[in-house]
Amino acid sequence: MKEDFLFAIDSNTKEVIVSNSNKGSNKVNFIERIKQNENDILYNAVTTLTSITDSSDFDIKIFKSMDKVCHMIYKKHKKLDV
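Computed from a predicted model, the values in this text were never measured in an experiment.

(A) The arrangement of the overall build of the chain in detail. Looking only at helices and strands, the chain features two helices and three strands. Secondary structure elements of the chain, listed N to C terminal, follow the sequence β-β-β-α-α. Taken over C-alpha atoms, the radius of gyration comes to 13 Å for the chain, in line with the 12 Å a tight globule of 82 residues would show. Viewed in the frame of its principal axes, the chain has a C-alpha envelope of about 35 × 30 × 25 Å. Counting over 82 residues, the chain shows a buried share of 28%.

(B) View of the sheet that holds strand 3 (residues 29-35). Sheet architecture is open: three strands sit in the order 1-2-3, paired in antiparallel fashion. Looking at which strands have only one partner, the edges of the open sheet turn out to be strand 1 (6-10) and strand 3. Averaged over neighbouring strand pairs, the angle between their axes works out to 25° when direction is ignored. As judged from the six bridges shared by strand 2 (residues 15-20) and strand 3, these two strands associate in the antiparallel manner. Bridging across to strand 3, Glu15 finds its partner in Lys35.

(C) Structural context of helix 2 (residues 60-78). End to end, helix 2 covers 27 Å across 19 residues, agreeing with the expected 27 Å (1.5 Å per residue, within 8%). Here helix 2 has its buried residues at Met66, Cys70, His71, Ile73, Tyr74 and Lys75. Elements in contact with the buried residues of helix 2: strand 1, strand 2, strand 3 and helix 1 (40-54). For helix 2, the N-terminal capping position is held by Asp59, with its side-chain oxygen 2.9 Å away from the main-chain nitrogen of Lys61.

(D) Representation of the pairing of strand 2. Among the six residues that make up strand 2, five are buried, leaving the element largely enclosed by the rest of the structure. Where strand 1 lies against strand 2, five bridges are found, and the strand directions are antiparallel. Counted as the bridge partner of Phe7 is Val18 from strand 2. The turn joining strand 1 and strand 2, which pair antiparallel and follow one another in sequence, is formed by four residues; a positive phi near 55° is taken by Lys14.

Conventions used here
- Residues numbered from 1 in each chain as written.
- Predicted model: local features only at pLDDT ≥ 70, side-chain atom pairs only at ≥ 80, totals over all residues.
- Heavy atoms only, no water.
- Helix = DSSP H or I, 4+ residues; strand = E, 2+ residues; numbered from the N terminus.
- Rg over C-alpha atoms; globule rule 2.2 N^0.38 Å.
- Buried < 20%, exposed > 50% of the residue type's maximum accessible area, 1.4 Å probe, protein only.
- Pairing = 2+ DSSP bridges.
- Axes fitted to C-alpha atoms, helices over the stretch in contact; angles between N-to-C directions.
- Expected span 1.5 Å × (residues − 1).
- Contact = heavy atoms within 4.5 Å.
- Polar contact = N/O pair within 3.5 Å; in protein donor to acceptor, adjacent residues only side chain to side chain.

Dropping the structure here:
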């Protein structure tokens, strides 16, 4: 089964917040926080993902592509099956 993660940035603590949610559920399950200095590439990727959602010219294809990048970086960070 493919695992889908949700990513957010806590700009106060300079951390990536990783969570997940079951399909069709409104409940979000916290997984972990990753400090920027632990994985700067992931932090920058999630920052980019966040900036895409804030764009007035939002493009779902670009968003989904960047989300896949974030998943790939996170899975590599966790040494999960990439």
